[in-house]
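# Report on the structure
Each chain, letter by letter, is given below.
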Amino acid sequence: MTATADYKTLAERASKELAEATATEALRWTAETFGDDFIVASNMQDAVLIDLATQVKPDVDVLFLQTGYHFPETIGTRDAVQAVYPGVRIVNAEAEQSVAEQDAEYGPKLHERDPNQCCHLRKVVPLRKTLAKYSAWVTGVRRVDAPTRANTPIVTWDDRNGLVKINPIAPWSDDEFNGYISEHGILENPLVSIGYLSIGCAPCTAKVAPGQDPRSGRWAGQGKTECGLHG
């Protein structure tokens, strides 16, 4: 069997064995199984997943998609994460083109005219290139985030990127998530407190009205709900 086939079989087995695992159990399994060969993804909305991961691997690699369009507060949160968790290695995944170079080739504000293409260039491609260096990645996807994520397993095979994908907090409710932040004093992007409940690139992120779906502030009016990283 090839290494890919071996890992796919591993993911399928773990999907059943860890179906009811706690976040800590899932992350401990990840660290024991992959050692240094996995990375934790973060959009720097908060440091919940990073905090959990550093409990089992203090020097864990953390993936941040540096799209060139982030809010200053998001960059500040990334830098604060490095200060609070000095052992982590933040991997800034950047697009092949700068924003200016992309504007020159595709025209300004591609995110308004073709948000799917913009996400592909600035998120999907850099993610794929970075993940190619690892055998597994850990995400903060939760089932309550959106209907498209309602059946997210704790461990799965990511066929799109060709590696094992672990979603340790997939079962967490909003109350569990927010309770963890409060109880442990977890870093949180300051934009959250003023109504930005799902933070992505600045041009494509808006405040969310009380009672609305948190992800309704992403690509508002575009008929788009995912950036292509998870579906």
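Conventions and cut-offs
Residues numbered from 1 in each chain as written. Predicted model: local features only at pLDDT ≥ 70, side-chain atom pairs only at ≥ 80, totals over all residues. Heavy atoms only, no water. Helix = DSSP H or I, 4+ residues; strand = E, 2+ residues; numbered from the N terminus. Rg over C-alpha atoms; globule rule 2.2 N^0.38 Å. Buried < 20%, exposed > 50% of the residue type's maximum accessible area, 1.4 Å probe, protein only. Contact = heavy atoms within 4.5 Å. Areas by Shrake-Rupley, 256 points an atom, 1.4 Å probe, with all protein chains shown as cover. Lys, Arg positive; Asp, Glu negative; His and termini not counted. Charge placed at Lys NZ, Arg CZ, Asp CG, Glu CD. Core = buried A, V, L, I, M, F, W, Y, C linked by side-chain atoms within 4.5 Å. Axes fitted to C-alpha atoms, helices over the stretch in contact; angles between N-to-C directions. Parallel < 35°, antiparallel > 145°, perpendicular 65-115°, else oblique. Left-handed = near helix turned anticlockwise from the far one by under 90°. Nonpolar A, V, L, I, M, F, W, Y, C, P; charged D, E, K, R; others polar. Disulfide = S-S within 2.5 Å. UniProt positions renumbered as here; feature names shortened; annotations may be inferred. Phe/Tyr/Trp six-rings, centres within 6.5 Å; stacked < 30°, edge-to-face > 60°. Lys NZ or Arg CZ within 6 Å of the ring centre and 35° of its normal.

## Notes on the overall build of the chain
A tally of regular secondary structure across the chain gives 8 helices and 6 strands. Along the chain, helices and strands appear, N-terminal first, in the series α-α-β-α-β-α-β-α-α-α-β-β-β-α. The C-alpha atoms of the chain give 17 Å as radius of gyration, which agrees with the globular expectation for 231 residues (17 Å, within 12%). A burial count over the chain gives 51% of its 231 residues as buried. By sequence separation, contacts in the chain at least 24 residues apart represent 66% of the contacts at least 6 residues apart. Carbon together with sulfur atoms contributes 50% to the accessible area of the chain, which is approximately 11,000 Å² in total. In the chain, the 23 positive side-chain charges and the 31 negative ones have mean positions that sit 5 Å from each other.

## Remarks on the nonpolar core
Core analysis: the biggest nonpolar cluster contains 40 residues, and Trp29, Val164 and Ile166 have the highest contact counts within it. Here this core gets 6 residues from one element, more than from any other, and that element is helix α2 (residues 23–34). Contacts of isoleucine 166, omitting those with residues within four sequence positions, involve Ala26, Trp29, Thr30, Phe34, Ala136, Trp137, Val138, Thr139, Ile154 and Val155. Ile39, Ala93, Leu127 and Trp137 belong to the second-largest nonpolar core, a separate cluster that totals 11 residues.

## Some details on helix α3 (residues 48–56)
Counting buried residues in α3 gives 7 out of 9 residues, a clear majority hidden from the surface. Turning to α3, its buried residues number three or more, namely Val48, Leu49, Ile50, Asp51, Leu52, Ala53 and Thr54. In this fold, the buried residues of α3 make contact with α2, β1 (38–41), β2 (61–66), α4 (72–84), β4 (136–138) and α8 (174–184).

## Remarks on the packing of α2 against α3
Axis separation between α2 and α3 bottoms out at 9 Å; the angle between their running directions is 55°. Looking at the two axes, α2 sits oblique to α3. The chirality of how α2 crosses α3 is right-handed. Facing α2, whose interface residues are Ala23, Thr24, Leu27, Arg28 and Ala31, α3 presents Leu52, Ala53 and Val56. Taken together, the residues that form the contact of α2 with α3 break down as 6 nonpolar, 1 polar and 1 charged.

## Examining the state of the cysteines
Taken as a whole and assessed by the stated rule, the structure comprises 0 disulfides. This cysteine, cysteine 204, is not joined by any disulfide, and cysteine 201 carries the nearest cysteine sulfur, 6.2 Å off.

## Structural notes on the environment of alanine 41
Structurally, alanine 41 can be placed in strand β1. When the C-alpha atoms of alanine 41 and alanine 93 are compared, they prove to be 11 Å apart, with 52 residues separating the residues in sequence. Excluding its chain neighbours within four sequence positions, the residues that come into contact with alanine 41 are Leu49, Leu63, Trp137 and Val138.

## Some words on the UniProt feature "binding site: [4Fe-4S] cluster" (unreviewed entry) in the chain
Residues given the UniProt feature "binding site: [4Fe-4S] cluster" (unreviewed entry) here are Cys118, Cys119, Cys201 and Cys204. In three dimensions, the annotated residues from a span of 87 residues occupy one location, with a maximal C-alpha spread of 10.8 Å. Among the secondary structure elements, cysteine 119 is positioned in helix α7 (residues 115–131). Along the chain, the position of cysteine 204 falls in the segment after α8. Residue cysteine 204 is classed as buried on the basis of its relative accessible area, which comes to 14%.

## Notes on the packing of aromatic side chains
Here the structure, examined in full by the defined rule, presents 4 aromatic pairs. Aromatic side chains tyrosine 7 and phenylalanine 34 sit 5.6 Å apart centroid to centroid with 35° between the ring planes, which places their arrangement in the tilted category. Placement of tyrosine 7 in helix α1 (residues 3–17) and of phenylalanine 34 in helix α2 is noted, with a sequence separation of 27 residues between them. You can call tyrosine 7 partly exposed: its relative accessible area is 27%. The structure contains a cluster of three or more aromatic residues connected by ring pairs, namely Tyr7, Trp29 and Phe34. The lysine or arginine in question, arginine 142, covers the ring of phenylalanine 177, its NZ or CZ lying 4.4 Å from the ring centre.

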